[in-house]
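# Coordinate inspection notes
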Amino acid sequence: MRTTRTVPARPVLIVTLTLATAGSLLLGPDAAGADPKPVTREGAAVDDRAAQAPASAARRALAAPEETSTGTAARGYPRRQVLSPGPEKPGDKSLKLGLTPYHAIAPKLNALQRLGDRVSVEVAGRSAGGHRLYLVTVTAPETTRQARAQERMRELIENAPAAAAKSPEIKRAYKTPVFVNSNIHGNEWEGTDASLKLVERLATAQDARTRDLLARSRLYFNITANPDGRIAGTRANANGFDLNRDFVTASQPETRAMRQIEVDKQPAVLLDLHGYVNGTLIEPTTPPHGENYEYDLFLKNSYANALGMESAVNALGYTPARDGVEPAQIPFRDQEEGWDDWPPIFTPQYAAFHGTVAAHTVEIPLAVNNEEYDELPVAELRRRSAVNTAVAGAAIRATLDHVREHRTSLIADQIEVFRRGAAGAPQVPVSPETVPGVPGIGPEDVYTTDFPRAYVIPPGGSRTQRSAPAATRLVDHLLANDVRVTRATRPFRLAGRTYPGGSYVVDMHQPKRGMANALLADGRDISGKVSVMYDISGWSLGRLWGATVEQVPSGSLRGAQLRPVTEAAPVARVPAHGDLRLRLTDPREIAALNSLLQQGVRARQAPDGSVIVPASARRAAVTAARAHDVSFTATRLTDGTPLHRLRVAAAVTPGELFALREMNFDVTPVSTAVLNSGFDWSGTDVLFVSAGLDHAALTAPARRSLDAFLDAHGLVGRGARGAALNAAADRLAVKPVEGNTDANGVVRTENTGRVTHDAPAHAFVYTPLWFTGLGPGVRVEQSYATGNPLVSGHWRPLRDGTGGPAAAAGQASVVSGGRTVLFGTEPLFRDHPKGEFPQVARALFTVAHSGSVEESG
């Protein structure tokens, strides 16, 4: 929690939120609690400590997902399979803590399956680093017929919620789905061990409560959501991604596996086990609350379950004086702001859109990662891990007790979530009357939205001058998130407008309307609501992915001839005759171009930024069009700059590295240390810098080599680090101005240059930057819009009035000149703003292929 507060204190005890993190005191038997520290979910925006980050891992993550065994085909339980053991890894960081190393999990799960007929193990997918993701189901045995009945009821709950609400069979026989997600941050280990211990107990316990629980519930345990990080002791996976920031984008295989579990299993209750906050932090959260949730149902159930977990954790008897463990806390009740559930990038908040009505991040208390892992004695680390495992176990057990006692109301409320969506019913604002029993509800907790009647996504192409690949990507992404999409078989009118045949229509009268709106809506400027936010505050796919998304506030769909789709129609096309033109407005088009260049195709860049491919390369173009689902058009253009395959040296964030490889660039990661060790620049065409390279920290030989390379080739820089290198190397004459470092969101922009030609009129910022004092030869490629450029997110001026959106309005956000391009926006942020990716690609090509930006423009 950050300490600035702007909302009234809730009329309950304010409990200090303490983060057990770097620098906390050794907590021996007689130590007091750790010093209070502000709570943040990730600290700096950049996490350079990937579990592993080889190019091969990126390729695996970009490949088509492998077949897994967690589909919805109804088979009985148990579903046993013998897992082959993986190779032992003596360096597994879990071992030092006395916890279960990854290589011991498969044998352990095999043994648990042999204990009886309650435990099933399936492989839900593989991590970016190639490790298996294990989904364990614990339930009373089911015949195939019984499993089919459960699936039929699950589908009725989502697809016909009004009928499901009246179904005596569902009330009597439907098993409540519960999802326990562990170790999504790799160096927050103990949820895995708590889950394994509980599964072992449930496998054989014969008491009446356990038998009743398993007869009326299915318990799903994602044993370790991040095996790469578990082994390496890193927060991130092998691609360097924080998986608990990836649910809107789903760029990583682990995230996609969790998403599929939530779609297939439809949990009513979810726990996401984390560390480390002392005392144990148990959601629900502080404001602002996600405006697309059915928050009254979510708060009602989450708060009630949180009270039970709090009681169970405190009943373990740990004390600050003896154990260094503070009492548990619930942010909604005990804090004012700083731990919000606004963006659905976190596991529990994303789950709410799949019908989960009680969902919690649980932060166990005693830090054993980062500096503590390296500095504390092994005995102390193992003591802390034992405490944390016990706390996580208590939270899970309390949740299962709550499920057993309240299964009927939990399922009824899940049905109500879907019923409201299908009926287009209004949301119910939270209040003491609508959510009785939850203390401290005030106007600061009320967040609702007006859902439109529909969204229309035109198919793209020449008629709309927007990217057809972007439209197909967006539609497929909606479908993967279980959003229903239809397609018009002919032109139709809606709310006074005519849309072309082939347009995609998202009818917002559907069970998961909240998911659809969260992904497609602009979002909201919430700068005036709270003083700080926990993480990103704007993320609109409609504005950032490059497709046209039109919101239809009202009207009837009855006259439109619409058919449901299960995947977007392919757009791949290559004309039969003549030279070919490929627009570079989408990352798939960039990837297709790079594949052609890698084959030696002699492509040229036209003055408008598109690419001309000779007719002699038609066969290669056909292959690229099919592989990347892009469309070529015929052209008579002949002018253009010859292009060649680029070799990019990149000192960037993991998300940017992933995005560059997604566009099929040949990338070599570099850093201050790499350059100081004697980097060979002869195999490099262009340098891209946003993180990890400090000009002042280079040795004299490394600095001379870098400066010589920049003089002969060029620089693409992003953010403060890129601007600092530009200044140190005396390249573009500009003055970078950094805005509020807490700011982020979707902003309006004006594109005026070749690098940003055909780019969306919106960008994403995270610690926004702009450029003033533009010297001779500096060209403005893009500016922040005049007025208030912020569309959605959180961007306040600093206390002295500087650094806000008003100060940025009209200022240059992207500049170029003299073999240099600088970005003040975040065009590759976490692999998310797909529509902005081509700006970086164009900048790389422009810098690498021209003596200066001006010569090629």
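These figures come from a predicted structure and were not determined experimentally.

Before going further, it helps to examine the overall build of the chain. Assigned secondary structure in the chain consists of 26 helices and 33 strands. The 857 residues of the chain split such that 62% are buried. If you take every contact in the chain between residues at least 6 apart in sequence, the share linking residues at least 24 apart comes to 80%. Surface exposure of the chain reaches about 30000 Å², of which carbon and sulfur atoms provide 51%.

The topology assignment puts P654 in helix 21 (residues 654–662). Overall, the relative accessible area of 13% leaves P654 in the buried class.

The five strands are arranged 20-17-19-18-21 in an open sheet whose pairing can be described as antiparallel. One side of each edge strand has no neighbouring strand; the edge strands of this open sheet are strand 20 (633–635) and strand 21 (641–642). The pairing of strand 18 (residues 604–605) with strand 21 spans two bridges and is classified as antiparallel. Looking at the pairing, Q605 lines up with T641 of strand 21.

With that settled, the discussion passes to the sheet that holds strand 3 (residues 176–182). Spatial ordering of the open sheet is given by 1-2-4-3-5-9-6, a layout of seven strands whose pairing is mixed. On the outer flanks of this sheet lie strand 1 (119–126) and strand 6 (281–282), each paired with one strand and no other. Inspection of the sheet shows strand 3 paired to strand 4 (residues 217–222) by six bridges, in the parallel sense. In the sheet register, V180 faces strand 4, and the bridge partner there is F221.

This paragraph deals with the side chain of D341. Relative to the assigned elements, D341 resides in strand 8 (residues 340–341). At 3.2 Å, the side chain of D341 forms a polar contact with the side chain of H289. Excluding residues within four positions of it along the chain, D341 makes contact with T285, T286, P288, H289, G290, Y293, Y295, F298 and Q349.

As a packed pair, helix 7 (residues 208–216) and helix 15 (residues 378–423) sit with axes 10 Å apart at the nearest point and diverge in direction by 65°. Regarding the angle of helix 7 to helix 15, the classification is roughly perpendicular. Crossing of helix 7 against helix 15: the hand is left-handed. Between helix 7 and helix 15, the residues in contact are R209, D212, L213 and R216 and L400, D401, R404, E405 and R407, respectively. Residues of the contact of helix 7 with helix 15, tallied by class, amount to two nonpolar, no polar and seven charged.

This part takes up the pairing of strand 9 (residues 358–364). Summarising burial for strand 9: seven of the seven residues are buried, a large majority. In the sheet, strand 5 (residues 269–275) pairs with strand 9 via seven bridges, with the strands oriented parallel. When the bridges of strand 9 are listed, D272 appears paired with T361. Judged from the two bridges that link them, strand 6 and strand 9 form a sheet pairing that is antiparallel. Of the residues in strand 9, the one forming a bridge with L281 is E363.

So, about the pattern of salt bridges. Pairs can form between side chains of opposite charge whenever their charged atoms are close. Inspection of every chain in the model, using the stated rule, returns 44 salt bridges. One salt bridge in this structure joins R154 and E151, with 3.1 Å as the shortest N-O distance. Separated by three residues within a single helix, R154 and E151 lie in helix 3 (residues 144–159), roughly one turn from each other. The salt bridge involving R453 is made with D507; its shortest N-O contact spans 2.5 Å. Taken as a pair, R453 in the loop between helix 15 and strand 10 (454–457) and D507 in strand 14 (residues 504–507) lie far apart in primary sequence, 54 residues in all. Residues joined in a network through salt bridges with shared partners are E188, R235, D242, R245, D535 and R830.

So, on to the environment of S682. Position of S682 relative to the elements: it lies in the loop between helix 22 (672–676) and strand 24 (686–689). With 27 residues separating them in the primary sequence, S682 and F709 have C-alpha atoms 8.9 Å apart. One polar contact links S682 to D680, side chain to side chain, over a distance of 2.8 Å.

The next subject is the side chain of R731. Among the structural elements, R731 can be located in the loop between helix 24 (719–728) and strand 26 (735–738). A residue is classified by how much of its surface remains accessible, and R731, at 17% relative accessible area, is buried. Engagement of the side chain of R731 in a polar contact is seen with the backbone oxygen of L710, the distance being 3.1 Å. Excluding anything up to four places from it in sequence, R731 contacts L710, D711, G714, L715, N726, G818, R819 and T820.

Moving on, we come to the confidence of the model for the chain. Per-residue confidence for the chain gives a mean pLDDT of 91, with 90% of residues at or over 70. Low pLDDT, under 50, characterises residues 1–48; the stretch is placed with 140 contacts to residues that sit more than four places away or in other chains.

Grouped together as the largest cluster of nonpolar side chains are 147 residues, with contacts concentrated most on L109 and F221. Per element, the largest residue contribution to this core is 15 residues, and it comes from helix 15. Apart from residues lying up to four places away in sequence, L109 is in contact with L83, V121, Y134, V136, L196 and I223. One finds A603, A621, A624 and V821 within the second-largest nonpolar core, a separate group that totals 45 residues.

Right, let's talk about helix 21 for a bit. Of all the nine residues making up helix 21, eight are buried; the element is thus mostly covered by neighbouring parts of the structure. Those residues of helix 21 not exposed but buried are P654, G655, E656, L657, F658, A659, L660 and R661. Of the residues trailing helix 21, N664 is marked for its positive phi of about 75°.

Our focus in this paragraph is the packing of helix 19 (residues 587–598) against helix 20 (residues 618–628). Where helix 19 meets helix 20, the axes come as close as 9 Å, and the angle between the chain directions of the two elements is 145°. Read as a crossing pair, helix 19 and helix 20 show a hand that is right-handed. On the side of helix 19, the interface is formed by R588, A591, A592, S595 and L596, while helix 20 contributes A620, A621, A624 and H628.

What follows deals with the packing of aromatic side chains. The full count for this structure, using the stated rule, is 20 aromatic pairs. An angle of 20° between the planes, with centres 6.0 Å apart, marks the rings of Y102 and Y134 as stacked. Taken together, the positions of Y102 in the loop between helix 1 (55–62) and helix 2 (105–113) and Y134 in strand 2 (residues 132–138) put the pair 32 residues apart, joining distant regions of the chain. Considered together, Y102 and Y134 belong to a single accessibility category, that of buried residues. Members of the aromatic cluster, connected to one another through ring pairs, are Y293, Y295, F298 and F353. Sitting over the face of the ring of Y77, R79 holds its NZ or CZ atom 4.0 Å from the ring centroid.

Calculation notes
Residue numbers here run from 1 along each chain, matching the order of that chain's written sequence. With pLDDT at 70 or above as the cut-off, local features in this predicted model cover only qualifying residues; side-chain atom pairs require 80 or more to be listed or tallied, and sums for whole chains, interfaces and linings still use all residues. Water and hydrogen atoms play no part in the side-chain values, which are based on all heavy atoms of the structure. Under the scheme used here, helices are H or I runs from DSSP no shorter than 4 residues and strands are E runs no shorter than 2 residues, and both carry numbers assigned from the N terminus. Burial classes follow relative accessibility: with a 1.4 Å probe on protein chains only, a residue under 20% of its type's maximum area counts as buried, one over 50% as exposed, and anything between as partly exposed. Residue contacts are counted whenever heavy atoms from the two residues lie within 4.5 Å of one another. For the area figures, the Shrake-Rupley method with a 1.4 Å probe applies, and any residue is considered shielded solely by the protein chains shown. By the convention used here, strands pair only if DSSP detects at least 2 bridges between them. Distance and chemistry together define a polar contact, namely a pair of N or O atoms within 3.5 Å, with one atom able to donate a hydrogen and the other to accept it when in protein, and with adjacent residues in sequence counting only for side-chain atoms on both sides. Lines fitted to C-alpha atoms define the axes, with helix axes restricted to the stretch in contact, and inter-axis angles between N-to-C directions lie between 0 and 180 degrees. Any angle from 65 to 115 degrees is called roughly perpendicular, while one under 35 is roughly parallel, one over 145 is roughly antiparallel, and all others are oblique. Definitions for this section: a left-handed crossing has its near helix turned counterclockwise from the far helix by less than a right angle. A right-handed crossing has that turn clockwise. In this classification, Asp, Glu, Lys and Arg are treated as charged, Ala, Val, Leu, Ile, Met, Phe, Trp, Tyr, Cys and Pro as nonpolar, and every other residue, Gly included, as polar. Any Lys or Arg side-chain nitrogen located within 4 Å of an Asp or Glu carboxyl oxygen qualifies as a salt bridge. Per residue, pLDDT captures the predictor's confidence, and it can take any value from 0 to 100. Take the buried residues of types Ala, Val, Leu, Ile, Met, Phe, Trp, Tyr and Cys, join any two whose side-chain atoms come within 4.5 Å, and each joined set is a nonpolar core. Between 30 and 60 degrees the pair is tilted, below 30 it is stacked and above 60 it is edge-to-face, where a pair is any two Phe, Tyr or Trp rings, Trp via its six-membered ring, whose centres lie within 6.5 Å. Both a distance and an angle decide whether a charge sits over a ring: NZ of Lys or CZ of Arg must be within 6 Å of the ring centre and within 35 degrees of the ring normal.

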